[in-house]
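Here's the letter readout for the chains.
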Amino acid sequence: MRSKLLGVGFLLTSMLSAGLSPALAGPTLDAVKARGFLKCASSQGTVGFGAPDEKGYWRGLDVETCRAVAVAIFNDKDKVEFVPLSGQQRVPALQTGEIDILPRTFTWTLRRDANGLNFTTPNYYEFTGFMMPKALGVTKVEDMSGASVCVQTGSTTEVVANDVSKEHNLGLKPVVFENSSAVSQAFFSGRCDALITDAAALASIRATSAKNPDDYIIFPATRFMDALTPAVRHGDDQWLDIVNWSIQALIAGEQLGVTQANVSEMQKSEDPRVKRFLGVEPGNGAALGLDEKFAANIIAQLGNYGKMFDRNVGKDSPLKLERGANRLYSDGGLMFPLAFQ
Amino acid sequence: MLFALWDNRRIRNNVIQVLLFAGFAGLLFWLWSNTAANLAARGIRVGFDYLNRQANFPISESVLPYDPSDTFGWAYVIGVTNTAVISLTAIIISTFIGLVIALVRLSNNPLASKMAALFVGVIRNMPLIVQLLFWYALATTVLPAPRLAFNPLPGFYLSLRGLYVPAISLGPQAGPFAAACLAVLIAAVIMRRLAPISAWSLSKWVLLGGLAVAAVVLLRPSVSFPELKGFNFIGGLRLSPEFAALMLGLVLYTSVFISEVIRGGIEAVSRGQWEAGRALGLSERHVMFRIIIPQALRIIVPPMTSQYLSTVKNTTLALAVGYPELGLVVGTVINQTGQAIESISILLAVFLTISIAVSMFMNWYNAHVALVTR
Amino acid sequence: MTSLSISHAHVATDILPARQAPPIKRMPLLKMLFGDILSAALTTGALMTILALMPAVQWGLVDATWTTADPAACRDGGACWAFVGAKLRFILFGLYPPEAQWRPMIMMGLMVGMVLVSLSPALWGRKLVIAWQVAVAMMLTLMWGGVAGLSFVPTSQWGGLPVTLLLALLSLGCGFPFAVFLALGRRSSLPIPSVLSVGLIETVRGLPLVGLLFVASILLPLLLPPTWTIDKLGRTFAALTVFAAAYLAEVIRGGLQAIPAGQIEAAKALGIPHWKAIQHIVMPQAIQKVIPPLTNTAIVMVKNTSLVMIVGVFDMLSAGRSAAMDPTWPAPYREAYLFVGLIYFALCVAISYYARWLELRVKAKDYR
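Residues numbered from 1 in each chain as written. Chains lettered and ligands numbered in written order. Predicted model: local features only at pLDDT ≥ 70, side-chain atom pairs only at ≥ 80, totals over all residues.

### Quick word on the overall build of chain A
Of regular secondary structure, chain A possesses 14 helices and twelve strands. Over its C-alpha trace chain A gives a radius of gyration of 22 Å, about what one expects of a compact globule, namely 20 Å for 341 residues. Dimensions of chain A along its principal axes, counting C-alpha atoms only, are 75 × 60 × 40 Å. Each of the 341 residues in chain A was classed as buried or not, and the buried ones make up 56%. Taking contacts inside chain A between residues at least 6 apart in sequence as the whole, the part at least 24 apart equals 71%. (Helix = DSSP H or I, 4+ residues; strand = E, 2+ residues; numbered from the N terminus. Rg over C-alpha atoms; globule rule 2.2 N^0.38 Å. Buried ≥ 20, exposed ≤ 12 C-beta atoms within 10 Å, placed from the backbone. Contact = placed C-beta atoms within 7 Å.)

This is the structure we're talking about:
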């Protein structure tokens, strides 16, 4: 009997020690370096933003944002583990150190910011939208009176659904689910007339889950835009800076015309901005505690923001989203590169 | 010296107890201090002040009135009442169905009893959540769109949006009337205790007649029929597919377990009781309902208690099919506010309270039954 | 009574000759089915039920599409079992890297082998426990990898049937020792162990498993020091273990109660220390007595692993649901859930048949 108990005890400790890994020993950067890889939250499968392909390799805009940070630290875009998290789990997981970055279609709001999180740089701006079957003949919010709407919890969309319904006096009938596959199953089976969530996520759902994507129409629910922003834990400013400037590297790279194809060539550029950006003229990396070439490495492995957008959600993807507000400020969008100096 | 002390059984026991207690207290303190340190380090605020804030999120159906402009606290109340309603409904229906299944299984009819056994075997060996998801998938794939709704009877519509039936709505006097009914009921109970039986049987009819007249005069009930307006049916009473799938799954699952409990109880009553009953010339039905079941009840009550309790706990699976019981509301509140500790504590506290209350009631009932029979 | 000296006139003195037992009356089938109103009603009801189920049979068997590589070939009226065939790998193994898929397969083979070996009570003993520990260590190594040339596969990529089986097996295995202590504590005459055990057991049993899973997946990281990060699967496993321990403890307590007090008194009289007596005399007997109800708890735990879907662990049920999301197939949710349900059914029925067989053996002879 005792040997049984001892044996099971041994088993338990060995399992626990295998499951335990040192994290958060001091600043996040040291912990990540000690661990050897980065831990990022991901959605439970939103194609275009974060979803594993058939081989289990994670792809998507949010996923690649995370990979950019991994390149900045390790110069290896694959030194990341993606942890699929539901809506309720994602914030506690970040707060408690289970993950290092939360880049999961996460809207920047005051209360989230104030309660234990720090937001970095928005990597996607968008509207909350409705998707409806074209057969219902609705093209704008005002016509939706009395419609039932599938809503997924764990997002700001629940609040938006309510605001819209109040604003236009629509009397929308919500059907609430806590899981993204449940919500799209319900919508496509006809349980609801409309599905509400971020417009880009709607495009993703339409592209991947609709039998015939052309049968569905997506239109904005409000005139207010959300900034989807990767978040980090409160209280580690160095880590906040690293994530901020990794994302900035993607945006500034596009502005400076640095691409995956020309990044090695650009090393010879005479433009002082480009020289500082690529670390030819040193200083930026040391200031962040990173390799001097971190921005160059990010572009070399992932390309700049424009390419990343096209590849995952834009014209080269099944989602075919317009750049819209996500263009550079110089093209009339909201993406604003800061100075790498 | 020390060994001598250790050999003393009482001292040893006390030392063990003190160590155990200290260990437990230490564990609690350790968890508490970890939590406090974690919360401080991450800048997370804890407190129940959010309960008074406006919830702003929708709840798809509720027994009590709810609007997104209500508070988070009220949202929890909605969750608790929804949980209570599905639990009670499922328990009541399952008990009847369970009894029927048990009786069919015990019947002499080989076809019916084999089929009941097969049914029990299939249902009890599959996880409830799989069954719920299956029923919900069935409801949403088989039922037609609202415009093509089945219309078996005038005013009855069955579609993807649920079952709509005509509703009887009551006048503004409904509240006072309900109160009056309650008062009459209490009076009747007291009367029954005090008055002789003959007087009671007469007054009963007088009472009922009075109530019926009062109901029609005071309430002026009106009927509202559902009709298709725009996207959905308006008016009438609605049974949503989420509720229907949940209820179907929960009732089938629970009734199978209840039938096993009842069957076990009935089989535990000795055969001599059957034979004695038959020897007295009672019919099979009378033997069953007057002799066997009352005795089986004593055996049935304890396992039945735990069945009822697990039904209440099983309602939390409703969040898989999108029925807004307490678990789903708690999940939503965590999303909206990030107040995970408070929300989950509320969830746990509610279920612990229900569990303790039910087991206390059942203990009382158990004692009651035992006392009456012997 | 000394002799048969008492004689009464009304007592027969002759012993009657033995008679043949009356033949068992076999009721004719027709009479059983339609003998009286109740039987007739039951038979009619049963036949009506069978009739009512005919559309389901039509859908599931007659109109079903069994094999096709082309999703469009699945007809509207019938079940699309071809979908299950096409998605079998995904439903069974989830996101586990396909090139390393042989690892969970061997893992499950090992598990099935160990279970088959453990079926016979003759082999139960210390050696089997050690064999199980080695086997579990091998299973986890196979799944995780990272050593001996196996690629590392994080638990976030585990999925499907291996996760379901591992969770059920390990939560029962690791819950068991805790359950033994809880059961002993509850039976203890000392107030503190008994109050603590009762409190723990009743609290866990009073809570829905979903609540415990919420605590494990959302709250647990807040309760532990920041240097301890246990991943989601590990935390889910912890919740299932605690749950299993509380329920197992109640079963074991039943066994302990059935051991007559004389056993421990006899041990005391022989001068055997209390704990030794518990360990070598009471526990073995108690556990033997409760093996049939323990298999019941095993069934409950197998079914309960499906709840981990709610906290986003990618078990067989989640995998089935994700597979059904693929828009190229005509929304085969019913087929997916039926298939997953069938696997659970097979597991649970196998355990309950084993339990029945074991019970007969226990009744037949007292193996030690």
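### Thoughts on the nonpolar core
If you look at the biggest cluster of nonpolar residues, it comprises 277 residues, and the most contacted ones within it are Leu132 of chain B together with Leu213 of chain C. In this structure Leu132 of chain B touches Ala245, Leu246, Gly249, Leu317, Ala320 and Val321 of chain B, once residues within four positions along its chain are discounted. Membership of the second largest hydrophobic core comes to five residues, among which are Ala149, Tyr157, Leu163 and Tyr164 of chain B. (Core = buried A, V, L, I, M, F, W, Y, C linked by C-beta atoms within 7 Å.)

### Quick word on the interface of chain C and chain B
In many analyses, interface size is given as the accessible surface area lost on bringing the parts together. Residue-level contacts link 44 residues of chain C with 45 residues of chain B. Within the residue set of the side of chain C that touches chain B, elements represented by two or more residues are α1 (29-34), α2 (37-62), α7 (191-206), α8 (209-223) and α14 (333-364) of chain C. Residue classes in the side of chain C that touches chain B are distributed as 33 nonpolar, nine polar and two charged. (Nonpolar A, V, L, I, M, F, W, Y, C, P; charged D, E, K, R; others polar.)

### Looking at the domain arrangement of chain A
Residue and element names in this part refer to chain A. Looking at the assigned domains, one finds that chain A contains domain 1 (23-123 + 229-331) and domain 2 (126-226). For domain 1 versus domain 2, the separation of C-alpha centres amounts to 29 Å. Taken together, the 17 residues of domain 1 in the interface contact 14 residues of domain 2. For the side of domain 1 that touches domain 2, the per-class residue count stands at seven nonpolar, ten polar and no charged. (Domains from an automatic or database assignment.)

### Looking at the packing of helix α4 (residues 87-95) of chain A against α8 of chain C
Close contact between α4 of chain A and α8 of chain C brings their axes to 9 Å; oriented N to C, the two are set at 10°. In terms of their interaxial angle, α4 of chain A and α8 of chain C are classed as roughly parallel. When α4 of chain A is examined against α8 of chain C, the residues Gln88, Gln89 and Pro92 of chain A are found in contact with a partner set consisting of Ser217, Ile218, Pro221 and Leu222 of chain C. Counted by class, the contact of α4 of chain A with α8 of chain C contains four nonpolar, three polar and no charged residues. (Axes fitted to C-alpha atoms, helices over the stretch in contact; angles between N-to-C directions. Parallel < 35°, antiparallel > 145°, perpendicular 65-115°, else oblique.)

### Description of the domain arrangement of chain B
Looking at chain B, the domain boundaries give domain 1 (2-42) and domain 2 (72-124 + 246-373). Taking only C-alpha atoms into account, the centre of domain 1 of chain B sits 40 Å from that of domain 2 of chain B.

### Digging into the sheet that holds strand β10 (residues 194-198) of chain A
Residue and element names in this part refer to chain A. Strand order across the open sheet formed by five strands is β9-β8-β10-β7-β11, with mixed pairing between neighbours. Since the sheet does not close on itself, it has two edges, and those belong to β9 (173-177) and β11 (216-228), each with one partner. Taken pair by pair, the neighbouring strands of this sheet meet at an average axis angle of 25°, ignoring direction. In the sheet, strand β8 (residues 148-152) pairs with β10 via three bridges, with the strands oriented parallel. Looking at β10, one finds that Val151 is bridged to Ile196. Strands in contact with helix α7 (residues 180-189) are β8, β9 and β10; relative to β8, the strand with the most contacts, it is inclined by about 165°. Contacting β7 (124-133), β10 and β11, helix α8 (residues 199-209) crosses the sheet at an angle of about 50° to β7. (Pairing = 2+ DSSP bridges.)

### Details of the sheet that holds strand β2 (residues 162-165) of chain B
All names here are of chain B. In spatial order, the strands read β1-β2-β7; together these three strands make up an open sheet with antiparallel pairing. Each edge of the sheet is formed by a strand with only one pairing partner; in this case those strands are β1 (157-159) and β7 (237-239). When the angles between neighbouring strand axes are averaged without regard to direction, this sheet yields 15°. The pairing of β1 with β2 spans three bridges and is classified as antiparallel. Pairing of Tyr157 across the sheet is with Tyr164, part of β2.

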